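These are the residues of each chain, in order.
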Amino acid sequence: MTDLPTHVDIRDVSLRDGLQIEHPIPLSAKVELLAAVAATGVREMEATAFVSPSKVPALADAAELAAELHNFPGIEFSALVASPNGAKRAVAAGLRSIEYVVSAADGHSRSNVGRTTAEATALIAEIVAIAHDSDASVEVIVATAWDCPFDGPTPPVRVLGVVNAAVDARVDRLAIADTIGTTTPRRVSDLVTRVRPLIGDLPLGAHFHNTRGTGLASAYAAVSCGVTRLDASAGGLGGCPFAPGASGNIATEDLVYLLRDSGIHVDVDLQAAIAAAEVAQRVVGHDLPSSLLRAGDRILAR
C-alpha cells in the first residue's frame, strides 16, 4: 500500500446508476435531484445512459435530460453507453464525456448487453473513434471485476485482458467496478496492484456497491493503493437491473465523511451531500440505505 493521497475526486452517479433500477420518475424530479447534487460542489456527474429504453425505461429521457445540463456550468457530465450507436447518440446530445462498460464476465455481459466479453471488448476502438472524432473523452469501466452473479468469481486475467485492450485503443480513463457488491479490501488491493502497471499515466477509478456492507472498506482499500477517483450516489441509490441481488452504490455522503476524516480532501460539501440524499429519497419515494442520511454528521442538533 502507498501513502494516502491528499485529494480524491468523487463522481456522483445518482442520475444514472442511481435511478436505473427505479420506477421512472418525471424529468422535473430528475432536474431537482441534479440541482441538489450540483449544489454539493461535486465536479463530475454521471447524468444518464444512452441505452435501449425498453431495457432501462428509467433512463428513456436521456436526450431530454442532456438538454438541461447546460444550466449547471462547471461540472463535467458523462453518460454511459453500451454500443457504438449509443456513443453516437450521446455525442449528438452534447455529451463530451462517455463511459463504455465492458463486463469481464461472459454471464453478466450477455445479460447486460447480449454480447460476450470478447465481443464487447472488440467494440472499444470503434467507440473511442466516435468519441474522439467529436472531441469527447472515453472511459472504459470494467464491470464484474471481482465477481459475476452468473459465473462466480472473475479471474483477474479477464479483467487485465479488457484493460489491455482499452489501453491499446487509447481510451482516456479506466475504472474497475464491483457491480454486485461482493468484493473485500484484500481483493481490491490485489486487483488494483495488478491493473496499475498496465495503464501508465491513465487515471484509474473504482466503482463499489455496498450490497454486503463492504463498499466503504473497499473504497478505502482502493484509495490506499493509489486510486484517486471514486463513484458514489446520493443516499446510496442504485443497483444493476441485469445482476440479480445487486443493490445500491456507496453513498456519497458516507464516502465524504470517511475520506474527510482520513485527512483526504474532497470537493463535496458534506452537509450539502446529506441534503441531496434527502432530495433523492423524496423523489424515489422510499427509504435509502445511507448511514449519514439516518444519523447525520458528527453532532445532531437537539
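These remarks concern the structure in this document. Not measured: the values here are computed from a predicted model.

The rules we used
Residues numbered from 1 in each chain as written. Predicted model: local features only at pLDDT ≥ 70, side-chain atom pairs only at ≥ 80, totals over all residues. Heavy atoms only, no water. Pairing = 2+ DSSP bridges. Helix = DSSP H or I, 4+ residues; strand = E, 2+ residues; numbered from the N terminus. Axes fitted to C-alpha atoms, helices over the stretch in contact; angles between N-to-C directions. Core = buried A, V, L, I, M, F, W, Y, C linked by side-chain atoms within 4.5 Å. Buried < 20%, exposed > 50% of the residue type's maximum accessible area, 1.4 Å probe, protein only. Contact = heavy atoms within 4.5 Å. Expected span 1.5 Å × (residues − 1). 1 Å grid on protein atoms, 1.4 Å probe; cavity = no way out; pocket = protein on both sides within 12 Å on 5 of 7 lines; lining within 4 Å. Points joined across faces, edges and corners; volume = space filled by probe spheres on them. Nonpolar A, V, L, I, M, F, W, Y, C, P; charged D, E, K, R; others polar. Parallel < 35°, antiparallel > 145°, perpendicular 65-115°, else oblique. Left-handed = near helix turned anticlockwise from the far one by under 90°. Polar contact = N/O pair within 3.5 Å; in protein donor to acceptor, adjacent residues only side chain to side chain.

**Focus: the sheet that holds strand β10 (residues 229–232)**
The strands making up a sheet associate through backbone hydrogen bonding, with each pair oriented either parallel or antiparallel.
Part 1 of the argument: One closed barrel holds the eight strands; their spatial order is β1-β2-β3-β4-β5-β8-β9-β10, and the pairing between them is parallel. Pairwise comparison of adjacent strand axes, ignoring direction, gives a mean angle of 30 degrees for this sheet.

**Considerations on the nonpolar core**
Part 1 of the argument: V140 and L230 are the most contacted members of the largest nonpolar core, which has 90 residues in total.
Part 2 of the argument: Considering each element in turn, this core owes the most residues, nine residues, to helix α12 (residues 270–284).
Part 3 of the argument: Discounting chain neighbours no more than four positions away, the residues touching L230 are V8, D9, I10, R11, A206, F208, A219, V223, L255 and L259.
Part 4 of the argument: Core analysis: the next-biggest nonpolar cluster, separate from the first, contains 12 residues, L59, L80, A143 and A175 among them.

**Things to note about the side chain of T183**
Part 1 of the argument: Mapped onto the secondary structure, T183 falls in the loop between β8 (173–178) and α9 (185–199).
Part 2 of the argument: Residue T183 is classed as buried on the basis of its relative accessible area of 0%.
Part 3 of the argument: Residues in contact with T183, not counting those within four places in the same chain, are W146, D147, D178, V188, F208, T214 and S218.

**Some words on helix α2 (residues 27–38)**
Part 1 of the argument: Its 12 residues give α2 an end-to-end C-alpha distance of 16 Å, which sits within 8% of 16 Å, the value for a rise of 1.5 Å per residue.
Part 2 of the argument: For α2, every residue scored as buried is listed here: A29, K30, L33, L34, A36, V37 and A38.

**So, helix α10 (residues 215–224)**
Part 1 of the argument: Burial within α10 is extensive, with seven of its 10 residues counted as buried.
Part 2 of the argument: Residues of α10 that are buried include every one of G215, S218, A219, A221, A222, V223 and S224, and no others.
Part 3 of the argument: Here the buried face of α10 lies against α9, β9 (204–208), β10 and α11 (252–261).
Part 4 of the argument: In the segment just after α10, G226 is the residue with positive phi, at about 105 degrees.

**Focus on unusual backbone geometry**
Part 1 of the argument: Positive phi is not limited to glycine here, since D135 has a value of about 60 degrees.
Part 2 of the argument: Among the structural elements, D135 can be located in the loop between α7 (124–133) and β5 (137–143).
Part 3 of the argument: You can call D135 exposed: its relative accessible area is 69%.
Part 4 of the argument: Of note in the backbone geometry, T144 takes a positive phi value of approximately 45 degrees without being a glycine.

**Description of the layout of surface pockets**
Part 1 of the argument: Approximately 500 Å³ is the volume attributed to the largest pocket.
Part 2 of the argument: As for the largest pocket, its lining consists of 33 residues, of which R16, Q20, L80, V101 and N112 are closest to the centre.
Part 3 of the argument: Every element with two or more residues in the lining of the largest pocket is listed here: α1 (14–18), β2 (44–50), β3 (76–81), α4 (84–92), α5 (106–113) and β5.
Part 4 of the argument: For the lining of the largest pocket, the class distribution of residues is 16 nonpolar, 11 polar and six charged.
Part 5 of the argument: Taken as a whole, the second largest pocket spans an internal volume of roughly 210 Å³.
Part 6 of the argument: Lining of the second largest pocket is provided by 16 residues; of these, N210, A251, D254, P289 and S290 occupy positions nearest its centre.

**Here's the deal with the packing of helix α8 (residues 156–168) against α9**
Part 1 of the argument: Axis separation between α8 and α9 bottoms out at 10 Å; the angle between their running directions is 25 degrees. Between α8 and α9, the angle falls in the class roughly parallel. Between α8 and α9 the crossing geometry is right-handed. In contact with P156, V159, L160, V163, N164 and V167 of α8, α9 contributes L191, R194, V195, L198 and I199.

**A few points about the side chain of R229**
Part 1 of the argument: In this fold, R229 is placed in strand β10.
Part 2 of the argument: Residue class for R229 comes out buried when judged on its relative accessible area of 8%.
Part 3 of the argument: A polar side-chain atom of R229 sits 2.8 Å from a polar atom in the side chain of E44.
Part 4 of the argument: Excluding residues within four positions of it along the chain, R229 makes contact with D9, R11, E44, E139, R173, P203, L204, G205 and A206.

**Examining the packing of α2 against α12**
Part 1 of the argument: Contact geometry of α2 with α12 gives a least axis separation of 8 Å together with a crossing angle of 165 degrees. Comparing their axes, α12 and α2 come out roughly antiparallel. By crossing handedness, the relation of α2 to α12 is classed as left-handed. Only A276, V279, A280, R282 and V283 of α12 make contact with α2, whose side of the interface consists of A29, E32, L33, A36 and V37.
Part 2 of the argument: Each residue belonging to the contact of α2 with α12 can be placed in one class, and the counts come to eight nonpolar, no polar and two charged.

Keep in mind these numbers describe shape, not what the thing actually does.
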